[in-house]
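So you can see what is in the structure, the chains are spelled out below.
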Amino acid sequence: MDENGDPEADQPPPGDDHAFLGHPRGLATLSGLEVWERFSFLGMQAILVLYFADTVAHGGMGMAPGTAASVAAAYGTMVYLVSVAGGWLADRILGSYRAVLYGGVLIACGHYAMAVPTDAMTWAGLGLISAGTGLLKPNVASMVGKLYRTADERRDAGFALYYMAINIGAFAGPLITGWLGEHQGWHWGFSAAAIGMTAGLVQYVLGRRHLAGRKHSAEYALAPDAMRRAVLLIVAGCVVAAALATLLAGVGWLTMARFVDLLTLVSVIAPVVYFWLMFRSPRVTDAERGRLRPYVVLFLASVAFNFILFQAYSTMMLLASTNARTEILGFTFPSSWYASALGAFEVLLAPVVAALWVRMGPRQPHASNKIAIGVILGGLSFLLMVLPTSGHAGDDYRMAAWWIVGSYLLLGLGDVLLETSGMSATTKLAPKAYASQTMALWFLSLALANGIQAQVVKVYGQVSNPVYFGVNGAVAVAVGLAVIALAPWLRRTMHPVH
């Protein structure tokens, strides 16, 4: 049947649909897609910085450690900047179903490209994955929301299952790609990520009849003439940008270092412009403008935490590969497996934290304090690394595996606290005129965190490890304490967030 002619194509399934653990069966389709998308994305990311830093003779790209971490962070910056546009494209042109489908296809093609052992295919693959993730990531969550009617009490539990799926993929991905990458070759690891994304796409297409929002037209589609103009402008803009980049690279001006700097600059300018537009917009009321001020504080707290979190896949991977033991109870494992610990802790801790908040009821901390505690835990995860990296005469020492595992435990708990409270606060504090763009706000904080990281990690390997982890950890802790100090003002101004 043509989905555009199906009156149920954009409606939630019947309230008696309890086919998947008491939830609509469409949740199984979307959760399955997210498992495989995170499997491929984080599985690849766990070995990407190691591939960049490995010697050319061993199949790597021969970058210095700081450069490798900087380029990996720039890739993350590009992913989240493109995600801002991904939501708009789904709303206005593609529709949610097609945006996610096309995004998944681009991601799979990108991973297959990276499976080819040439530098050119690596860069082409990263570009495809960035574009694809930008289309897929902001729209899957919105499709989960469409599975439930507004008054459906299963909604929060459904999102909890969905985020559990995300972390299952985050746990499993590095186990497979890491083993293949370090034992068979990096491009074998990228191949596993490609197969994972393909599996996710197949089950997404097969399960599409159970999805709300599956019609092919956009929910807030542009008028036909406006849509044609928008598509032409987008295509022309991409062609011009690609031609200009090729020309500048050909004459030697657009180097990798300058490209990284350019992405950082865009990641700084974009949220400044976004907030300026919201503060100055006549469609934003005085009351909404008052709630935007505390949100700026929470936005910066998110940046501080995610600056630490994203290094779980960059500097922490580099540290694990050079200075951590890869043996527990006689079992030897690839250093990239440490990344799986983060996903495992989040799978285990998320239901515990959720149950704790339910038990505490109205006595639970204010949302701003949950976010502050999350930032502090992120900072402590780095400060912990000062201990095992200090007091060594050279750089040939090996710390016990439990140090990095302990660091990821703190980081995972901080992520559970901050991400859930931060997204909830974003949806409640954003002005109504910008309600459909709340995900864009959140993604801009992630883009800025990666943009800052792309600059800071350049000094990794040039300063001592205790100084690097100590300073960065102390800054994050200071930001968290500052948010706690602002708690009385935040509680007054963040209504209706509690």
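Here's what I pulled together on the structure shown here. Quick caveat, the model's predicted, so the values are computed rather than measured.

## Things to note about the packing of aromatic side chains
Argument step 1. Counting across every chain of the model gives 18 aromatic pairs.
Argument step 2. Where Trp 36 meets Phe 39, the ring centres are 5.3 Å apart and the plane angle is 65°; that geometry is what we call edge-to-face. Of this pair, Trp 36 and Phe 39 both sit in helix H1 (residues 25–53), 3 residues apart, roughly one helical turn.
Argument step 3. Look at Phe 39 and you get buried, because its relative accessible area is 8%.
Argument step 4. Pairing Tyr 51 with Phe 190 gives two aromatic rings, centres 5.4 Å apart and planes at 85°, and the pair type is edge-to-face. Pair noted here: Tyr 51 is in helix H1 and Phe 190 is in helix H6 (residues 186–206), with a separation of 139 residues, a long-range link. Phe 190 shares its class with Tyr 51; the two are buried.
Argument step 5. Among the aromatic residues, those joined into a ring-pair cluster are Tyr 51, Phe 52, Trp 123 and Phe 190.

## Here we look at the packing of helix H8 (residues 256–280) against helix H9 (residues 286–309)
Argument step 1. The contact between H8 and H9 brings their axes to 10 Å, and the two run at 165°. The angle between the axes of H8 and H9 places the two elements in the roughly antiparallel class. Relative to H9, H8 is oriented so that their crossing is left-handed. Note on element contacts: H9 touches H8 through Arg 289, Leu 292, Arg 293, Tyr 295, Val 296 and Phe 299, opposite Pro 271, Phe 275, Met 278 and Phe 279.
Argument step 2. Taken together, the residues that form the contact of H8 with H9 break down as 8 nonpolar, no polar and 2 charged.

## A few points about the pattern of salt bridges
Argument step 1. Throughout the structure, instances matching the rule amount to 6 salt bridges.
Argument step 2. In this structure, the salt-bridge partner of Glu 34 is Lys 137, at a minimum N-O distance of 3.3 Å. Here the residue Glu 34 occupies a position in helix H1, and Lys 137 occupies one in helix H4 (residues 119–145), the gap between them amounting to 103 residues.
Argument step 3. For Asp 225, the salt bridge goes to Arg 228, with nearest N and O atoms at 2.2 Å. Here Asp 225 and its partner Arg 228 are both found in helix H7 (residues 224–250), 3 residues apart, which amounts to about one turn of the helix.
Argument step 4. Its relative accessible area of 45% is what places Asp 225 among the partly exposed residues.

Calculation criteria
- Residues numbered from 1 in each chain as written.
- Predicted model: local features only at pLDDT ≥ 70, side-chain atom pairs only at ≥ 80, totals over all residues.
- Heavy atoms only, no water.
- Phe/Tyr/Trp six-rings, centres within 6.5 Å; stacked < 30°, edge-to-face > 60°.
- Helix = DSSP H or I, 4+ residues; strand = E, 2+ residues; numbered from the N terminus.
- Buried < 20%, exposed > 50% of the residue type's maximum accessible area, 1.4 Å probe, protein only.
- Axes fitted to C-alpha atoms, helices over the stretch in contact; angles between N-to-C directions.
- Parallel < 35°, antiparallel > 145°, perpendicular 65-115°, else oblique.
- Left-handed = near helix turned anticlockwise from the far one by under 90°.
- Contact = heavy atoms within 4.5 Å.
- Nonpolar A, V, L, I, M, F, W, Y, C, P; charged D, E, K, R; others polar.
- Salt bridge = Lys/Arg side-chain N within 4 Å of Asp/Glu carboxyl O.

These figures capture arrangement, not role.
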